[in-house]
Amino acid sequence: MGDVVSDGSAVFSFLVAWCRGIVRGTTLVRVRGVYTFAMRGVKKENLPEKTCPVCGLPFRWRKKWARDWDSVVYCSRRCRSEAKGSGRRPGPG
């Protein structure tokens, strides 16, 4: 989920992925001229999850992160500022 398709075959790729069961509960949305998969009607326990490298706590996908979920690293502004202040870099993950 969160795959970005920029060519004209976005709808076709979405249908193929949907048929394979990869994107169930998602919708194809066009944002700023780019097609992306947005989650609709997904239960909270089925949302993607990451672990914050600063506090070590897990955090789940949020609607405001829909466009850039792949680049989200920290769970909060506080953890982001602590990481930048202490010179800590996010680990792989």
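Every chain is numbered on its own, with residues counted from 1 as its sequence reads. Note on the predicted model: pLDDT of at least 70 is required for a residue's local features to be given, and 80 or more for side-chain atom pairs to be given and counted; whole-chain, interface and lining totals, by contrast, use all residues. Values reported for side chains reflect all heavy atoms of the structure, with hydrogen atoms and water molecules removed beforehand.

Undergrad: Give me the confidence of the model for the protein chain: which residues, what numbers.
TA: On average, residues of the protein chain carry a pLDDT of 75, and 48% of them reach 70 or more. The quantity known as pLDDT measures the predictor's confidence residue by residue, on a range of 0 to 100. Under the DSSP-based scheme used, a helix requires at least four consecutive residues in state H or I and a strand at least two consecutive residues in state E, with every element numbered from the N terminus. Across the protein chain, the element-wise mean pLDDT spans from 50 in strand S1 (residues 4-5) up to 94 in strand S4 (residues 49-51).

Undergrad: I'd love a proper account of the pattern of salt bridges, names of residues and values included.
TA: Where charged atoms from two side chains of opposite charge approach closely, those side chains can pair. For this analysis, a salt bridge means a side-chain nitrogen from Lys or Arg found within 4 Å of a carboxyl oxygen belonging to Asp or Glu. For the coordinates displayed, the defined rule picks out two salt bridges. In this structure, Arg 78 and Glu 82 form a salt bridge, with 3.2 Å as the shortest nitrogen-oxygen distance. Here Arg 78 and its partner Glu 82 are both found in helix H2 (residues 77-86), four residues apart, which amounts to about one turn of the helix. Note on Arg 78: relative accessible area 62%, which makes it exposed. According to the relative accessible area criterion, Glu 82 is partly exposed, its value standing at 38%. Accessible area is worked out with a 1.4 Å probe on protein chains only. A residue is then buried under 20% of its type maximum, exposed over 50%, and partly exposed in between.

Undergrad: Can you lay out the nonpolar core for me, pointing to particular residues and giving the numbers?
TA: Among buried residues, those of type Ala, Val, Leu, Ile, Met, Phe, Trp, Tyr and Cys that are joined through side-chain atoms within 4.5 Å constitute a nonpolar core. If you look at the biggest cluster of nonpolar residues, it comprises 11 residues: Leu 47, Cys 52, Val 54, Phe 59, Trp 61, Trp 65, Trp 69, Val 72, Tyr 74, Cys 79 and Ala 83. Residues are treated as being in contact if the distance between any of their heavy atoms lies within 4.5 Å. Excluding its chain neighbours within four sequence positions, the residues that come into contact with Trp 69 are Pro 48, Glu 49, Lys 50, Phe 59, Arg 60 and Trp 61.

Undergrad: Explain the state of the cysteines to me, and be specific about the residues and the numbers.
TA: For the purposes of this analysis, a disulfide is any pair of cysteine sulfur atoms at a distance within 2.5 Å. According to the stated counting rule, one finds zero disulfides in the structure shown. Of all cysteine sulfurs in the structure, the one in Cys 79 sits closest to Cys 52, which takes part in no disulfide; the separation is 3.7 Å.

Undergrad: Give a detailed account of the packing of aromatic side chains, specifying residues and quantitative values.
TA: How two aromatic rings sit relative to each other is given by the distance of their centres and the angle of their planes. Pairs were defined over the aromatic rings of Phe, Tyr and Trp, the Trp ring being its six-membered one, requiring ring centres within 6.5 Å. Orientation was assigned from the angle between planes: stacked under 30 degrees, edge-to-face over 60, tilted for the rest. A full pass over the atoms with the stated rule returns three aromatic pairs. Taking 5.6 Å as the distance between ring centres and 75° as the angle between the ring planes, the aromatic pair formed by Phe 59 and Trp 65 counts as edge-to-face. Cluster of aromatic residues (ring-pair linked, three or more members): Phe 59, Trp 65 and Trp 69. Criterion for a charge above a ring: Arg CZ or Lys NZ at most 6 Å from the ring centre, at most 35 degrees from the ring normal. A cation sits over an aromatic face here: Lys 50 above Trp 69, 4.5 Å from the ring centre. Arg 62 extends its terminal NZ or CZ atom over the ring of Trp 65, reaching a point 5.2 Å from the ring centre.

Undergrad: Give a detailed account of the environment of Val 72, specifying residues and quantitative values.
TA: The topology assignment puts Val 72 in the loop between strand S5 (58-60) and H2. In this structure the C-alpha to C-alpha distance between Val 72 and Trp 61, which are 11 residues apart in sequence, comes to 9.4 Å. Leave out the neighbours within four places in its chain, and Val 72 touches Lys 50, Phe 59 and Trp 65.

Undergrad: Describe in detail the side chain of Lys 50, supporting the description with residues and values.
TA: Within the fold, Lys 50 resides in strand S4. In this charge count, Lys and Arg are treated as positive and Asp and Glu as negative; neither His nor the chain ends contribute. For the buried residue Lys 50, which engages in no salt bridge, the nearest side chain bearing the opposite charge is Asp 70, 5.4 Å off. Each polar contact in these results corresponds to two N or O atoms within 3.5 Å; when the atoms are within protein, one needs to be able to donate a hydrogen and the other to accept it, and residues that are neighboring in sequence are counted only if both atoms are side-chain atoms. A polar atom in the side chain of Lys 50 sits 2.9 Å from the backbone oxygen of Val 72. If we skip the residues at most four places from it in the chain, Lys 50 touches Leu 57, Pro 58, Phe 59, Trp 69, Asp 70 and Val 72.

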